[in-house]
Amino acid sequence: MYQVACGIMIIFLSFSTAAAQSLSEGSLWKNTNNSLLLITKIDTSQNTFVGTFVNYHPQFPQCQGVGVPVSGRMDATNLAFVANFAPCSKTITVWKGSIAGSTIKTNYDLRYVDTNFEIQPAAGSDDFTKQ
């Protein structure tokens, strides 16, 4: 019985590890707007990661080419991360989604401050491909 339980645990851990390995330190991801997500550090004990997001979205030209810190959480197949673009465009964006191999599929929730200093929402979907 002990051997069966250990075998099941090893199989479970190998599936979890394989899925999590698709998000790896040093990996670069490009989204549908040509923006880049660079994963620089993964803490597997906390299921967290940090990196840099470089924006190239045409709706935010003041932020194009600017890298901002990103931080997130992940499990075997799901992840969520946030980037604060306050230095260049007064926006903050949160992505939530899933990762499978070389693809991250997310929905995002963005908040920005308009010219009247009102907070405006924007939402949509975003797919990232590992480069």
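See the structure printed just above.
These notes cover the structure that comes with them. (Residues numbered from 1 in each chain as written. Predicted model: local features only at pLDDT ≥ 70, side-chain atom pairs only at ≥ 80, totals over all residues. Heavy atoms only, no water.)

## Observations regarding the pattern of salt bridges
Stage number 1. In this structure the tally under the stated criterion is 2 salt bridges.
Stage number 2. Among the salt bridges present, the one from Asp-109 reaches Arg-111, with a minimum N-O distance of 2.6 Å.
Stage number 3. You can call Asp-109 partly exposed: its relative accessible area is 36%.
Stage number 4. On the basis of relative accessible area, Arg-111 is assigned to the partly exposed category, the value being 35%. (Salt bridge = Lys/Arg side-chain N within 4 Å of Asp/Glu carboxyl O. Buried < 20%, exposed > 50% of the residue type's maximum accessible area, 1.4 Å probe, protein only.)

## Notes on the state of the cysteines
Stage number 1. Inspection of every chain in the model, using the stated rule, returns 1 disulfide.
Stage number 2. Between the sulfur atoms of Cys-63 and its disulfide mate Cys-88 the distance is 1.6 Å. Its S-S torsion of approximately 50 degrees makes the covalent link between Cys-63 and Cys-88 right-handed. Of this pair, Cys-63 sits in the loop between strand S3 (48-54) and strand S4 (67-74) while Cys-88 sits in helix H2 (residues 86-89), and the two are 25 residues apart along the sequence.
Stage number 3. Taking the relative accessible area as the measure of exposure, Cys-63 reaches 1% and is therefore buried. (Disulfide = S-S within 2.5 Å. Helix = DSSP H or I, 4+ residues; strand = E, 2+ residues; numbered from the N terminus.)

## Here we look at the sheet that holds strand S6 (residues 91-100)
Stage number 1. Strands sit in the order S1-S2-S3-S4-S5-S6-S7-S8 around a closed barrel of 8 strands; the barrel is antiparallel. With direction set aside, neighbouring strand axes in the sheet form an average angle of 30 degrees.
Stage number 2. Here strand S1 (residues 28-31) runs beside strand S2 (residues 36-43); their pairing, made up of 3 bridges, is antiparallel. From the neighbouring strand, Lys-30 faces S2, where its bridge partner is Leu-36. (Pairing = 2+ DSSP bridges. Axes fitted to C-alpha atoms, helices over the stretch in contact; angles between N-to-C directions.)

## Here's the deal with the side chain of Thr-93
Stage number 1. Relative to the elements of secondary structure, Thr-93 occurs in strand S6.
Stage number 2. Non-local contacts of Thr-93, meaning those with residues more than four positions away in its chain, are made with Phe-81, Val-82, Ala-83, Phe-85, Tyr-108, Asp-109 and Leu-110. (Contact = heavy atoms within 4.5 Å.)

## So, unusual backbone geometry
Stage number 1. Even without glycine at this site, Asn-34 takes up a positive phi of about 70 degrees.
Stage number 2. Residue Asn-34 is classed as partly exposed on the basis of its relative accessible area, which comes to 45%.
Stage number 3. The phi torsion at Asn-47 lies on the positive side, around 55 degrees, for a residue other than glycine.
Stage number 4. Positionally, Asn-47 belongs in the loop between S2 and S3.
Stage number 5. We classify Asn-47 as partly exposed; its relative accessible area is 35%.

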